[in-house]
Amino acid sequence: MSEEPHLLTEEQDGILIATLNRPDKLNALSAQTMQLFEQALHRFRDTPELKVLLIRATGRFFCSGADLRGGSPNAPARTASAIRENHRLNLNGMQRIYDEMEHVEKPIVSAIHATCVGGGLEMALSCDFRLVAKSASFSFPEGLFGVLPASNGVSRLTRLCGPHWARWLIMGNQKVDADRALIMGLAHDVLPDEGFAEATLEFCRHLTKSSGEQMGAAKIAIDLAAELGRESGRHVERMANSALMLNPAYLEGIERYIKNLGSK
């Protein structure tokens, strides 16, 4: 009997749902997983009817990280520069794929129902929203064998949660539960285990109602504002709105909004 695909996809209400599907391997990220996920990401990016990408998983782990038992087609790197290039170009394309997740001008949501570590946490960090179940937990096990997260985990975690919490996970090698993840800013919301799948879908349905132009501009503007000073951040706001406010959909939307205010 042939093995099931390592990633399943389906469309629902303008949402592309990508499900990690290796429960017997704790959803370790194999070459096949990453290849199928990259295809799904490009399909999401290039299909106007798809408004939101939802990443979720089956089984008792959300993701146990990179598939360390799957082997690599490349010979082991034996110099520091070769290791750096391997991180950038290989590792089943993780850095390339996670960068593209940040660049796609549509919202990407991860629904983390259970343990999420290593490369799986790096995937979640690359999403715009992280909804977590009460049973979820997070860690970077790389410190146990003397290295750092290899696919932007240090930079993204530090940018999102600050150096204080990056030290806790990476230097302190600590595991954090859902409630601590919320305090850190790693999670946007903690939801009950019961009904978690439907609750995350409902959030995605809510996102599909927003203007795609506004979503794309907001994603870029927020990332830029995080890197710029106050004055330059104001310029980004004005530049983004100068395009958005010329959109006929804006004029219709503001008129409808004002009319609804008057009826309340």
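See above for the structure.
Reference entry: report on the structure contained in this document.

About the criteria used
- Residues numbered from 1 in each chain as written.
- Predicted model: local features only at pLDDT ≥ 70, side-chain atom pairs only at ≥ 80, totals over all residues.
- Heavy atoms only, no water.
- Helix = DSSP H or I, 4+ residues; strand = E, 2+ residues; numbered from the N terminus.
- Buried < 20%, exposed > 50% of the residue type's maximum accessible area, 1.4 Å probe, protein only.
- Lys, Arg positive; Asp, Glu negative; His and termini not counted.
- Charge placed at Lys NZ, Arg CZ, Asp CG, Glu CD.
- Disulfide = S-S within 2.5 Å.
- Axes fitted to C-alpha atoms, helices over the stretch in contact; angles between N-to-C directions.
- Parallel < 35°, antiparallel > 145°, perpendicular 65-115°, else oblique.
- Left-handed = near helix turned anticlockwise from the far one by under 90°.
- Contact = heavy atoms within 4.5 Å.
- Nonpolar A, V, L, I, M, F, W, Y, C, P; charged D, E, K, R; others polar.
- Pairing = 2+ DSSP bridges.
- Expected span 1.5 Å × (residues − 1).
- Arc of directions from axis to C-beta.

### Some words on the overall build of the chain
The number of helices and strands found in the chain is 10 helices and 10 strands. When each of the 264 residues of the chain is scored for burial, the buried share is 40%. If you average the places of the 29 positive and of the 32 negative side-chain charges in the chain, the two averages end up 4 Å apart.

### So, the state of the cysteines
One pass over the structure, following the stated rule, counts 0 disulfides. Not engaged in a disulfide, the cysteine cysteine 127 finds its nearest cysteine sulfur in cysteine 116; these two sulfurs lie 9.3 Å apart. Left without a disulfide partner, cysteine 204 is nearest to the cysteine sulfur of cysteine 127, which lies 10 Å away. Overall, cysteine 204 belongs to the buried group, its relative accessible area being 0%.

### Let's talk about the packing of helix H1 (residues 31-46) against helix H3 (residues 94-103)
Remark: H1 packs on H3, axes separated minimally by 11 Å, with the N-to-C direction vectors making an angle of 25°. The angle between the axes of H1 and H3 places the two elements in the roughly parallel class. Seen along the crossing, H1 lies across H3 with a hand that is left-handed. Of the residues in H3, those touching H1 at Met34, Phe37, Glu38, Leu41 and Arg45 are Met94, Arg96, Ile97, Tyr98, Glu100 and Met101. In the contact of H1 with H3, the residues fall into 7 nonpolar, no polar and 4 charged.

### Concerning the sheet that holds strand S6 (residues 115-117)
The mixed open sheet is built from 4 strands, whose spatial order is S4-S6-S8-S9. At either margin of the open sheet sits one strand with a lone partner, and together these are strand S4 (61-63) and strand S9 (176-177). Sheet analysis places strand S8 (residues 137-139) next to S9, joined by 2 bridges and oriented antiparallel. In the sheet register, phenylalanine 138 faces S9, and the bridge partner there is valine 176.

### Notes on the environment of valine 52
Along the polypeptide, valine 52 turns up in strand S3 (residues 52-57). Considered as a pair, valine 52 and proline 23 are 29 residues apart in the sequence and their alpha carbons are 24 Å apart. For valine 52, the residues in contact, after removing those within four places along its chain, are Gly14, Ile15, Leu16, Phe44, Pro107, Val109, Cys204, Leu207 and Thr208.

### Considerations on H1
In this model, H1 (16 residues) spans 23 Å end to end at C-alpha, consistent with the 22 Å of a helix rising 1.5 Å per residue. Within H1 the residues assigned to the buried category are Thr33, Met34, Phe37, Glu38, Ala40, Leu41 and Phe44. Across the axial projection of H1, the buried residues extend over an arc of 165°, all falling on one side. For H1, the secondary structure elements touched by its buried residues are strand S1 (7-12), strand S2 (15-20), S3, H3, strand S5 (108-112) and helix H4 (118-125).

### Remarks on the packing of H4 against helix H5 (residues 153-171)
Between H4 and H5, the least distance of the axes is 10 Å, while the angle of their chain directions is 115°. On the side of H4, the interface is formed by Leu121, Glu122 and Leu125, while H5 contributes Gly153, Arg156, Leu157, Leu160 and Leu169. For the contact of H4 with H5, the residue count by class is 5 nonpolar, 1 polar and 2 charged.

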